[in-house]
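Summary of structural features
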Amino acid sequence: MTSTLYPTRLPCGNRVLDLARTHIMGILNITPDSFSDGGRFAQRDAALRHAEVMVSAGATLIDVGGESTRPGARFVSPVEELERVAPVVEALSRELDVIISVDTSTPAVIRETARLGAGLINDVRSLRREGALEAAVATGLPVCLMHMRGEPTDMQDDPRYDDLVGEVSAFLQGRMGECVTAGIAREKIILDPGFGFAKTLDHNLSLFKHMGALHALGRPLLVGVSRKSMIGKVLDRPVGGRLYGGLALAAMATIQGARILRVHDVAETVDVVRMLAAVESAK
Ligand code: 7PJ
């Protein structure tokens, strides 16, 4: 697993993430229309219990999301998104020893969840929504910037690249520059290739194979492929049958130096990462 070119201690609100090793981020969807949880964790208490299970299984981060970014998902108003996410962030912050990441592009959600104890802002739109960058700066929290083109509604309309890895890298470099100019320290930025976002199957596979090139940007990588269609397409499996494919990708991402794996299946992925770490640290 690659050595780091950056400081390994990342303060996330009142907790610290140690970037010397690979961490598991458990996905907590509070979205009635989310494609793999089907809204089962819509209620705050159910969400809290699900988060507790993920933390016991070894998740060091919980990613709370109130807006589905699946292609064709319904628009969620900022008020509705905040009503879904805020009670959960507040409860997690009170009850669990975990870094709370908030999967949002919405300025009001960024500001309010930071106040309630969030430790990381995870935005699939890389803070490009009006007011989002200013809101993120105001929180002082670290941010995860992800590559995507267009919006979830149109991102899968025939995406094309002349130089996939170069374009993803240039995009992330550009967003990182905007963030630094706006007042977010470079040391607070995490980068994500954005698997499944404005990419065909071939794009996803190629980007996965070459993700190591993104280390040249000098920041930790987050990888999210859990249960995604790139697994479904290769293996011809429905969402419920993508675990082993996802674990193979989790192992490969870890070996390529990814520092955060965003997953639904926490216990299984923790075993993968621990096993790799044991071999890695052997004589
Ligand atoms: C990602 C995400 C991802 C980051 C989603 C899904 C779609 N955030 N939010 N990276 N994917 N940073 O989980 O299938 O890949 S929502």
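Residues numbered from 1 in each chain as written. Predicted model: local features only at pLDDT ≥ 70, side-chain atom pairs only at ≥ 80, totals over all residues. Heavy atoms only, no water.

**Considerations on the side chain of histidine 147**
Note the following rule: Think of it this way: any DSSP run of H or I at least four residues long counts as a helix, any run of E at least two long counts as a strand, and we number them from the N terminus. Here a polar contact means two N or O atoms within 3.5 Å. Within protein one must be a hydrogen donor candidate and the other an acceptor candidate, and residues neighboring in sequence count only if both atoms are side-chain atoms. Note on definitions: a residue-residue contact is assigned when non-hydrogen atoms from the two residues lie within 4.5 Å.
With respect to the helices and strands, histidine 147 occurs in the loop between β7 (143-146) and α5 (164-182). Among the polar contacts made by the side chain of histidine 147, one reaches the side chain of lysine 199 at a distance of 2.8 Å. Every residue in contact with histidine 147, bar those within four places of it in the chain, is listed here: Tyr161, Val168, Phe171, Leu172, Asp192, Pro193, Gly194, Phe197 and Lys199.

**With respect to unusual backbone geometry**
Even without being glycine, leucine 127 reaches a positive phi, approximately 65°. With respect to the helices and strands, leucine 127 occurs in the loop between β6 (120-123) and α4 (132-139). At alanine 198, a position not held by glycine, the phi torsion is positive, near 60°. With respect to the helices and strands, the residue alanine 198 is situated in the loop between β8 (189-192) and α6 (201-209).

**Things to note about the nonpolar core**
Rule in force here: By convention a nonpolar core is built from buried Ala, Val, Leu, Ile, Met, Phe, Trp, Tyr and Cys residues, the set being connected through side-chain atoms within 4.5 Å. Each residue is placed in one exposure class: buried if its accessible area under a 1.4 Å probe, protein chains only, is under 20% of its type's maximum, exposed if it is over 50%, and partly exposed if it falls in between.
Core analysis: the largest hydrophobic core is formed by 70 residues, its most contacted members being Leu28, Val64, Leu92 and Leu127. Per-element accounting of this core gives the leading share, seven residues, to α5. Once you skip the residues sitting within four places of it in the chain, leucine 92 turns out to touch Leu28, Leu48, Ala51, Ile62, Val64 and Ile100. Among the nonpolar cores identified, the runner-up in size contains 13 residues, and Leu17, Leu19, Leu120 and Ile190 belong to it.

**Observations regarding the packing of aromatic side chains**
So the rule is basically this: Pairing of aromatic rings covers Phe, Tyr and Trp, the last through its six-membered ring, and needs centres within 6.5 Å; plane angles under 30 degrees mean stacked, over 60 mean edge-to-face, and all others mean tilted.
For the coordinates displayed, the defined rule picks out one aromatic pair. Ring geometry for phenylalanine 195 versus phenylalanine 208: centroids 5.2 Å apart, planes at 45°, classification tilted. A residue pair is termed long-range when its members are at least 10 positions apart, and phenylalanine 195 in the loop between β8 and α6 and phenylalanine 208 in helix α6 qualify at 13 residues.

**Description of α5**
Short version of the rule: A helix is expected to reach a length of 1.5 Å times the quantity of its residues less one.
Under the 1.5 Å per step criterion, the end-to-end length of α5 is 27 Å for 19 residues, consistent within 8% with the ideal 27 Å. Its buried side turned inward, α5 meets α4, β7, β8 and α6. Count one or two residues on from α5 and you reach glycine 183, which has phi positive near 120°.

**Quick look at the site of the ligand**
We count it as follows: The criterion for a residue being near a molecule or strand is simple. One of its heavy atoms has to lie within 4 Å of it. In short, Shrake-Rupley with a 1.4 Å probe defines the accessible areas, and a residue's cover is counted only from the protein chains shown. In this classification, Asp, Glu, Lys and Arg are treated as charged, Ala, Val, Leu, Ile, Met, Phe, Trp, Tyr, Cys and Pro as nonpolar, and every other residue, Gly included, as polar.
Neighbouring the ligand are 13 residues, the closest being Asp103, Asn122, Asp192, Lys228 and Arg262. Between the ligand and arginine 262 there is a distance of 2.8 Å, counted from an oxygen atom to a side-chain nitrogen or oxygen. Bound to the protein, the ligand loses 91% of the 390 Å² it would expose on its own. Classifying every residue of the shell around the ligand by side-chain character gives six nonpolar, three polar and four charged.

**A look at the sheet that holds β6**
To keep it simple, the criterion reads: Here, a strand pair is defined by DSSP locating no fewer than two bridges between the strands. Axis lines are fitted to C-alpha atoms, over the contacting stretch for helices. Their N-to-C directions set the angle, which ranges from 0 to 180 degrees.
Pairing in this open sheet of eight strands is parallel, and the strands run β8-β7-β6-β5-β4-β3-β10-β9 from one edge to the other. Two strands close off the open sheet at either side, each with one partner strand: β8 and β9 (222-223). Relative to β7, β6 runs parallel, the two being bridged by three bridges. Bridging from a neighbouring strand, aspartate 123 pairs with leucine 145 of β7. With respect to the sheet, helix α1 (residues 44-56) is in contact with β3 (23-29) and β4 (61-65), its orientation differing from that of β3 by roughly 165°. Those strands touched by helix α9 (residues 266-280) are β3 and β10 (260-263), and its axis lies near 170° from that of β3.

**Focus on the environment of valine 88**
Here valine 88 shows up in helix α2 (residues 78-95). Residue classification places valine 88 among the buried positions, given a relative accessible area of 2%. Along the sequence, valine 88 and leucine 28 sit 60 residues apart, while their C-alpha atoms lie 9.5 Å from each other. Apart from residues lying up to four places away in sequence, valine 88 is in contact with Leu28, Ile30, Arg44, Ala47 and Val64.

**Brief notes about the pairing of β7**
Condition: Here the term right-handed applies to a crossover when the path leading from its first strand over the helix to its second strand runs clockwise, the strands being oriented away from the viewer.
Side chains Val143 and Leu145 of β7 all project onto a buried face; the interleaved residues Cys144 and Met146 project onto the opposite face, where all are buried too. Regarding topology, α4 serves as the crossover connection from β6 to the parallel β7, and that connection is right-handed. Looking at chain direction, β7 and β8 are connected through four bridges and run parallel. Pairing of methionine 146 across the sheet is with aspartate 192, part of β8. What joins β7 to β8 is α5, and the crossover it makes is right-handed.

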